[in-house]
Amino acid sequence: MQNERLQRIRDEWLEEAPIREMQELMENGNITAEEMTVMYLSRISEYGRNVNAVLEVNPEALQIARQLDYERRVKGARSPLHGIPILLKDNMDTGDKMHTSCGSLALAGHYAAEDAFLVKKLREAGAVILGKANMTEWANFMSDKMTNGYSSRGGQVKSPYGQFDCGGSSSGSAVAIAANLAAASVGTETTGSIIEPAVQNSLVGIKPTVGAISRTGVIPLSMTQDIPGPLARTVEDALLMFREMIGEDQSDPVTSLSGVWEGRDWEASLDRNALKGTRIGVARNIFENEAESEILELFDRKLEVLKACGAEIIEDIDLGVMENDLGYDVLMHEFKAAVNAYLGRTPASNPIRTLSDVIEFNSRHPEETLKFGQNMLEQSDRTSGTLTERAYLEALERNRHLSSEVALERAFREHNITALVFPQSHGLSFGAAAGYPGVAVPAGKTEEGEPFGIAFYGRAFSEPLLIGFAYAFEQREQGRVKPPNE
């Protein structure tokens, strides 16, 4: 970077900078969106290779930022995201000069015809789409042997904190923000792919209620569980991203349910006293035999922080179901139907039209694509793709019933609790199967330096409450941990 002023600003301020502060500096004329984009691109070029989180950058990013700077001078900012550089997971369509591949070499040449609905909303809010983030290939549904963060197109995403799991499958989306390669990012979750990388990278992650944000234009895994959501370094930054992405999309009918939030004052969720008088449940039997002793000790200390924030902790809640009871039958059947529908609508220039085509491509290029095999792709492809199998329909009914009625709703009702809290990525399967929301928040680190976090889970469309709980905890705990010096 040649400009000494930008070098100084980047070195002294850019790391950990919150979005509100970025807006204030741009409003005051101290920095421009173009300059901020240059600084992030510079950081990606210098440090990005160490973590391998950014798959490609948007060749039009600087021009978009310059246009947004001009618009700010003439008309003012569109939203708190005006001019803010963000990254998208590589399963989100962008109708520009970037590819959309889901990490797969089979789709390495695929250009989407138009933006995904959520990408349109982010552009309308004035965000600068900086690039695409690496991810676990096919959203971690290619092989049961694949490591989190690996893709044949992008290689292995690496934790900026050391030899730790980077989380999956929104690995690059999380690592890039932890490493300060962009202001914020968007990931997707089917079963844990926002919550897990958030806690593994000392970030805030919002896994929304299914129906809050459109899935149109996102390469799918499951029609019933997929949901995009933000990853950011602070609760406020995550909220600023989240509120710009929600809204009804006629192509994704379930999003009509997001109308429950029409006219909501989202700023009200940023309440330091949000936990006062709340009853928060702990279901220890879900994780006490799986979590290491240090994690259990850390979690107990964070429960004391919640108490200091005014929450009442309700211990030993029995959800009546274990996470393993839910299984993967629903996903195994839905994946083929969902992927075939997506690929069938891609531009005619894309030769990969079905899941079978993906498998065949990989089989022709085994050295490049089959480092971990593709047994899950093959297993899914053996289903009919029509979603008529009795095994699928019974699994769908069972999972929804067990996760929602037996586990979560009964716990909320019988114990009069507003939310459940879990350490790290434990307990996330219930909200995933039920389509309910969760919010992860940083809570320090282990003795070895691995990030530690907690996550709140609530009823459908309880995001305003969960965001408030995370904010109150964050303001008292200040648990975000920067990666060690590169």
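Residues numbered from 1 in each chain as written. Predicted model: local features only at pLDDT ≥ 70, side-chain atom pairs only at ≥ 80, totals over all residues. Heavy atoms only, no water.

1. As for the sheet that holds strand β8 (residues 227-232)
So, point 1. Strand order in the open sheet formed by 11 strands is β1-β3-β2-β6-β8-β7-β12-β13-β11-β9-β10, and the pairing between neighbours is mixed. The open sheet is flanked by β1 (54-57) and β10 (312-314), the only strands paired with a single partner. Between one strand axis and the next, the sheet turns by 30 degrees as a mean value, whatever way the strands run.
So, point 2. Examined bridge by bridge, strand β2 (residues 85-89) and strand β6 (residues 184-189) share 3 bridges and lie parallel to one another. Residue pairing in the sheet places Ile-86 in a bridge with Ala-184 of β6.
So, point 3. In the packing of helix α3 (residues 33-51) onto the sheet, the strands contacted are β1, β2 and β3 (128-133), and the crossing angle to β3 comes to about 15 degrees.
So, point 4. Across the sheet, helix α5 (residues 117-124) lies against β2, β3, β6 and β8, angled at about 180 degrees from β2, the strand it touches most. (Pairing = 2+ DSSP bridges. Helix = DSSP H or I, 4+ residues; strand = E, 2+ residues; numbered from the N terminus. Axes fitted to C-alpha atoms, helices over the stretch in contact; angles between N-to-C directions. Contact = heavy atoms within 4.5 Å.)

2. A few points about the state of the cysteines
So, point 1. Counting across every chain of the model gives 0 disulfides.
So, point 2. With no disulfide partner, Cys-166 has as its closest neighbouring cysteine sulfur the one in Cys-102, 15 Å distant. (Disulfide = S-S within 2.5 Å.)

3. Describing the packing of aromatic side chains
So, point 1. Evaluated as defined, the whole model comprises 11 aromatic pairs.
So, point 2. Consider the rings of Phe-242 and Trp-266, whose centres lie 5.4 Å apart with planes at 85 degrees: the pair is edge-to-face. Of the two residues, Phe-242 is situated in helix α8 (residues 235-245) and Trp-266 in the loop between α8 and β9 (279-281); the sequence distance between them amounts to 24 residues.
So, point 3. Since its relative accessible area comes to 6%, Trp-266 is described here as buried.
So, point 4. On the numbers, 6.0 Å between centres and 80 degrees between planes, the contact of Phe-287 with Phe-422 is edge-to-face. Of the two residues, Phe-287 is situated in the loop between β9 and α9 (293-308) and Phe-422 in strand β11 (residues 419-423); the sequence distance between them amounts to 135 residues. A single burial state applies to Phe-287 and to Phe-422, both of which are buried.
So, point 5. Within the aromatic cluster, the residues linked to one another by ring pairs are Phe-242, Trp-261, Trp-266 and Phe-461.
So, point 6. Just above the ring of Trp-266 sits the side chain of Arg-264; from NZ or CZ to the centre is 5.9 Å. (Phe/Tyr/Trp six-rings, centres within 6.5 Å; stacked < 30°, edge-to-face > 60°. Buried < 20%, exposed > 50% of the residue type's maximum accessible area, 1.4 Å probe, protein only. Lys NZ or Arg CZ within 6 Å of the ring centre and 35° of its normal.)

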